[in-house]
Amino acid sequence: MFFISILLQLPLSAVLASWSVLYKPRSMCVFERSSVDFTCSFDYPYFHTLQTTKWFKPKKYQKQDGTQEGIFVYHSKAAEIDQLYKDRTVYANRDKNCSLQLHNVSKSDIGKYFFRLETNYLFGKFTGSGGIYLDVAVLPFRVTVPMQKVNGHIQEGDSVTLRCSTETCTPQQGPFAWYKNQLLLPQATENVLQISSVSHNDFGNYSCGLKNSITTSADGILLDVRYSPKNVEITISTSGKIEQGNSLTLICASNANPAVTNYAWFKIRDANVSSIGFDCEFSIKAVSQKDDGQYFCTAKNDMGSQNSTTITLKVNGPTSNRHVLLTATAVFFFVIAVLLVMFGLIIRRKQITRKKLHTEQTPAVTVTEDIYENLRQSPESEESHTNLLYADLKLPSSNSERPCSNTDAVIYSLLSYKE
């Protein structure tokens, strides 16, 4: 009767109070070596006294519904905490707040976690059902492309989804970063990259990772977009004018995936179109004026075909060769003439220099050293027995071109004579 009377005096909310544990969220995915928060709240009858709180993780061989306690991740009695989790957990330790923080997460932490409370009553024990499932993302990332097409090929115009994930799960932590051919795609920040209509420009290697982190997917994935030949054009193996008699090669170039398997060459002349070849290259060993005309090629693969624009060939005739020969000959003789003139100038300069040097080295002539034309032999003396010869010299007059003298005296010179 006493117990009934006490119940009648309690507020209705207190009487209806029940055991409860609320987890949020129910499952989580985090990266290795990161931290995770288990958000939790609980309630129990007010007249109970809370004595023990603990978080546990059932072992692999135990039931995973919380009915069997496994290893203690946290325990209000620190000695009960398993060695694997010591110094790695922080309990909220606030009124009816059972949140737990787990640090340095590893693959061994994958599994379900439950919170359990115990009071001073014999049956005052309660474990929150369901628990929280923790998954750990094991790096590196990988890029996957779910395919809906039967043949497995991606063609231009298809919708493509690229997903950035790890071997086990994909964390919701972000932002993510996407790379194409190792170049950042700034607009892509989610773990899913959606391309609504792919084109040949989307062809390339894609990888992903966390933004502001050096961790990226170990191996990118090739987005192999198939498309018909694009940008078909003709290139010529020679540059400048095409001279008669020279060899010539035309090349049909294009961009295609898969590679071009069939080529065709055509020539247009006098409004007539004729087929002239079926290889990637079209060669002419010795061109002539009959090869004048317009040319185009066609490139084809499994996805389709495309024609190139036309090019016009104009072969220069033989007259142009003679003109080149005459021009070269004229240039040759002009060079020879210039060299001869220069050689003559050099010889002339040397002669002038030599004459000038000779003049500078010749000593001045004196009056007594001049040779005069009025030199005559003196008559031989009959009485002379010494065989001496005398010569009388007349000095030139003052108006002569010879050097001047103040007297007309005759100067005799003794000349030796040998019989």
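Residues numbered from 1 in each chain as written. Predicted model: local features only at pLDDT ≥ 70, side-chain atom pairs only at ≥ 80, totals over all residues. Heavy atoms only, no water.

As recorded in an unreviewed UniProt entry, the protein goes by the name B-cell receptor CD22, listed as coming from Phoxinus phoxinus. Looking at the Subunit (unreviewed entry) heading of the UniProt record, one finds this comment for the protein: "Predominantly monomer of isoform CD22-beta. Also found as heterodimer of isoform CD22-beta and a shorter isoform. Interacts with PTPN6/SHP-1, LYN, SYK, PIK3R1/PIK3R2 and PLCG1 upon phosphorylation. Interacts with GRB2, INPP5D and SHC1 upon phosphorylation. May form a complex with INPP5D/SHIP, GRB2 and SHC1." (UniProt positions renumbered as here; feature names shortened; annotations may be inferred.)

Trainee: How do you make sense of the overall build of the protein when you look at a structure like this?
Mentor: The number of helices and strands found in the protein is three helices and 31 strands. Residues counted as buried form 34% of the 419 residues belonging to the protein. Considering only residue pairs separated by 6 or more positions, the protein has 59% of its internal contacts joining residues 24 or more positions apart. Of the accessible surface of the protein, which amounts to about 28,000 Å², a share of 54% is contributed by carbon and sulfur atoms. (Helix = DSSP H or I, 4+ residues; strand = E, 2+ residues; numbered from the N terminus. Buried < 20%, exposed > 50% of the residue type's maximum accessible area, 1.4 Å probe, protein only. Contact = heavy atoms within 4.5 Å. Areas by Shrake-Rupley, 256 points an atom, 1.4 Å probe, with all protein chains shown as cover.)

Trainee: Explain the packing of aromatic side chains here, please?
Mentor: We describe a pair of aromatic rings using the distance from one ring centre to the other and the angle between the two ring planes. Scanning all chains against the criterion turns up 19 aromatic pairs. For the ring pair Trp-19 and Phe-126, a centre distance of 6.1 Å and an interplane angle of 25 degrees mean the geometry is stacked. Of the two residues, Trp-19 is situated in the loop between helix 2 (12-16) and strand 1 (20-24) and Phe-126 in strand 9 (residues 125-127); the sequence distance between them amounts to 107 residues. Assessed through its relative accessible area of 23%, Trp-19 is described here as partly exposed. Overall, Phe-126 belongs to the partly exposed group, its relative accessible area being 24%. An aromatic cluster is built from Trp-19, Tyr-23, Phe-38, Phe-42, Tyr-44, Trp-55, Tyr-74, Tyr-91, Tyr-113, Phe-115 and Phe-126, whose rings are joined through pairwise contacts. It is Lys-96 that lies over the ring of Tyr-44; its NZ or CZ is 5.6 Å from the centre. (Phe/Tyr/Trp six-rings, centres within 6.5 Å; stacked < 30°, edge-to-face > 60°. Lys NZ or Arg CZ within 6 Å of the ring centre and 35° of its normal.)

Trainee: Would you explain the sheet that holds strand 1 in this entry?
Mentor: Pairing is antiparallel across the open sheet formed by four strands, whose spatial order is 1-3-7-6. The sheet is open, and its two borders are formed by strand 1 and strand 6 (89-91), each paired with just one other strand. This sheet shows a mean twist of 20 degrees between the axes of neighbouring strands, independent of strand direction. The pairing of strand 1 with strand 3 (residues 36-43) spans five bridges and is classified as antiparallel. Bridging across to strand 3, Lys-24 finds its partner in Thr-39. (Pairing = 2+ DSSP bridges. Axes fitted to C-alpha atoms, helices over the stretch in contact; angles between N-to-C directions.)

Trainee: Explain the side chain of Arg-116 here, please?
Mentor: Within the element layout of this structure, Arg-116 appears in strand 8 (residues 111-119). Within polar-contact distance, the side chain of Arg-116 engages the side chain of Thr-127 at 2.5 Å. Contacts of Arg-116, omitting those with residues within four sequence positions, involve Thr-52, Thr-53, Lys-54, Phe-56, Glu-69, Lys-125, Phe-126 and Thr-127. (Polar contact = N/O pair within 3.5 Å; in protein donor to acceptor, adjacent residues only side chain to side chain.)

Trainee: Is there a simple way to explain the state of the cysteines in this structure?
Mentor: Here is the idea: a disulfide is a covalent bond, and it sits between the sulfur atoms of two cysteines. A complete count under the given rule lists four disulfides for this structure. Paired through a disulfide, Cys-40 and Cys-98 show a sulfur-sulfur distance of 1.7 Å. Residues Cys-40 and Cys-98 share a disulfide whose torsion about the S-S bond is about -80 degrees; that sign makes it left-handed. Here Cys-40, found in strand 3, pairs with Cys-98, found in the loop between strand 6 and strand 7 (100-102); they are 58 residues apart in sequence, far enough to count as distant. Residue Cys-40 is classed as buried on the basis of its relative accessible area of 3%. Cys-98 sits in the buried class, given a relative accessible area of 0%. The side chain of Cys-164 participates in a disulfide bridge whose partner is Cys-208; the two sulfur atoms lie 2.0 Å from each other. The disulfide joining Cys-164 to Cys-208 has a torsion of about 80 degrees about its S-S bond and is therefore right-handed. Here Cys-208 lies in strand 17 (residues 204-210) and Cys-164 lies in strand 13 (residues 160-165), a separation of 44 residues in the sequence. (Disulfide = S-S within 2.5 Å.)

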